[in-house]
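What the coordinates show
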Amino acid sequence: MMLLALALGACGGDSGAPPPPPPPPASGDSATTVTATASRFDAPDGSYVLELPLRWSGHFRVDSLSTSERMRARPGVLVFSYLPSDSTQRPQALAVVAVYDSAAWAAVRAEGGPPPGDSVVARGGRVYVVGLPQSNPFPERSADAVLFELLQLRPAEVASLVLPR
C-alpha cells in the first residue's frame, strides 16, 4: 500500500485553521502534529533537514505518522498537509518524507506495485524517500485547487528537499 495513500487518510478534517503549536514531538510512536512556517525544517530525530519552499509558509501543517501508518519506514515519517481555505475540505498531503533502512527500502521496492515515493538521497545505510500527491484533490478551478497546484513541489525542489546530517 502506498505511503501517500496512508498519509492522506491520516490527515483528518479540521476547521481549516492551523492548530496552535504543540510541544516538540516525543520519541514515541503516536501521531503528532507540528506547525512550521520557516523554509528550513529539522526532522524530529535531528538526522536531516528539509528545505521547504517559501511559498508554503502559512499553508501547511506537519503530522508524524503512528507505527501502524508508517509500515516499514523508520519512526518520524512526516506528512506535510495543505490547509484548505474552505473549512468543509480536509487537509491534503503536499508531500510525505520517510526514512528507511537500506534493507527495508529494498524489501519495499521488491514487493511490486507502485513505490511509496521516490528515493531522493541514500546515505549512511538510510534511504530518504519523498512521496507526492498523484492528483489535485480539490474541485476544479476552486481557490484551493489553484493554490494546491501552485504549492506542488517542482522536480528540482524534490531533488534538494532532504539534506541528511
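Just above sits the structure.
Here's what I pulled together on the structure shown here. Here the structure is a predicted model, which means the values were calculated and not measured. (Residues numbered from 1 in each chain as written. Predicted model: local features only at pLDDT ≥ 70, side-chain atom pairs only at ≥ 80, totals over all residues. Heavy atoms only, no water.)

**Let's talk about the sheet that holds strand 9 (residues 162-164)**
Put simply, the test is: If DSSP finds at least two bridges between two strands, the strands pair. Secondary structure counts use DSSP, requiring at least four H or I residues in a row for a helix and at least two E residues in a row for a strand, with both numbered from the N terminus. For helices, the fitted axis covers only the stretch in contact; all axes are lines through C-alpha atoms, and the angles between them, taken along N-to-C directions, range from 0 to 180 degrees.
Strand order in this open sheet of three strands is 2-3-9, and the pairing throughout is antiparallel. Each end of this open sheet is capped by a strand with a single partner; those strands are strand 2 (40-42) and strand 9. Across this sheet, the average inter-strand angle for adjacent strands is 25°, counted without regard to direction. Taken together, the three bridges between strand 2 and strand 3 (residues 48-51) define a ladder with antiparallel strand orientation. Pairing of Phe41 across the sheet is with Leu50, part of strand 3.

**As for the nonpolar core**
How we decide: The nonpolar core is taken to be a set of buried Ala, Val, Leu, Ile, Met, Phe, Trp, Tyr and Cys residues, with the residues joined through side-chain atoms within 4.5 Å. Relative accessibility thresholds used throughout: buried, under 20% of the residue-type maximum; exposed, over 50%; partly exposed, between the two (1.4 Å probe, protein chains only). By the convention used here, residues are in contact when the closest approach between their heavy atoms is within 4.5 Å.
Grouped together as the largest cluster of nonpolar side chains are 26 residues, with contacts concentrated most on Tyr48, Leu50, Trp56 and Phe80. Elements supplying a minimum of two residues to this core: strand 3, strand 4 (60-64), strand 5 (78-82), strand 6 (92-101), strand 8 (126-131) and helix 4 (143-151). The residues contacting Trp56, other than those within four sequence positions of it, are Phe80, Leu94, Ala95, Leu151 and Leu153. With 13 residues, the next largest nonpolar core counts Leu65, Val79, Ala93 and Val96 among its residues.

**So, empty space enclosed by the protein**
The condition that has to hold: Both cavities and pockets are sets of points on a 1 Å grid over the protein atoms alone; in a cavity a 1.4 Å probe fits but cannot get out, in a pocket the set is open with protein on both sides within 12 Å along at least five of seven lines, and lining residues sit with an atom within 4 Å of a point. Grid points are joined across faces, edges and corners, and a volume is the space filled by probe spheres set on the points. Put simply, Ala, Val, Leu, Ile, Met, Phe, Trp, Tyr, Cys and Pro go in the nonpolar bin, Asp, Glu, Lys and Arg in the charged bin, and everything else, Gly too, in the polar bin.
Here the structure, examined in full by the defined rule, presents one cavity of 30 Å³ or more. If you trace the largest cavity, you find it lined by Pro44, Asp45, Tyr48, Arg74, Pro75, Gly76, Val77 and Val99. Residue composition of the lining of the largest cavity, grouped by class: five nonpolar, one polar and two charged.

**Description of helix 3 (residues 102-110)**
Applicable threshold: By arc we mean the arc of the directions from the helix axis to the C-beta atoms, nothing more.
What helix 3 keeps buried is the set Ala104, Trp105 and Val108. Taken around the axis of helix 3, the buried residues stretch over an arc of 100°, which confines them to a single face. Opposite the packed face of helix 3, turned more than 90 degrees from it, sit the exposed residues Ala103 and Ala110. Tucked into the core, helix 3 has its buried residues touching strand 6, strand 7 (118-123) and strand 8.

**Section: the environment of Glu157**
Here Glu157 lies in helix 5 (residues 155-159). Its relative accessible area of 17% is what places Glu157 among the buried residues. Separated by 105 residues in the primary sequence, Glu157 and Leu52 have C-alpha atoms spaced 8.2 Å apart. For Glu157, the contacting residues outside a window of four places in its chain are Pro53, Arg55 and Gln152.

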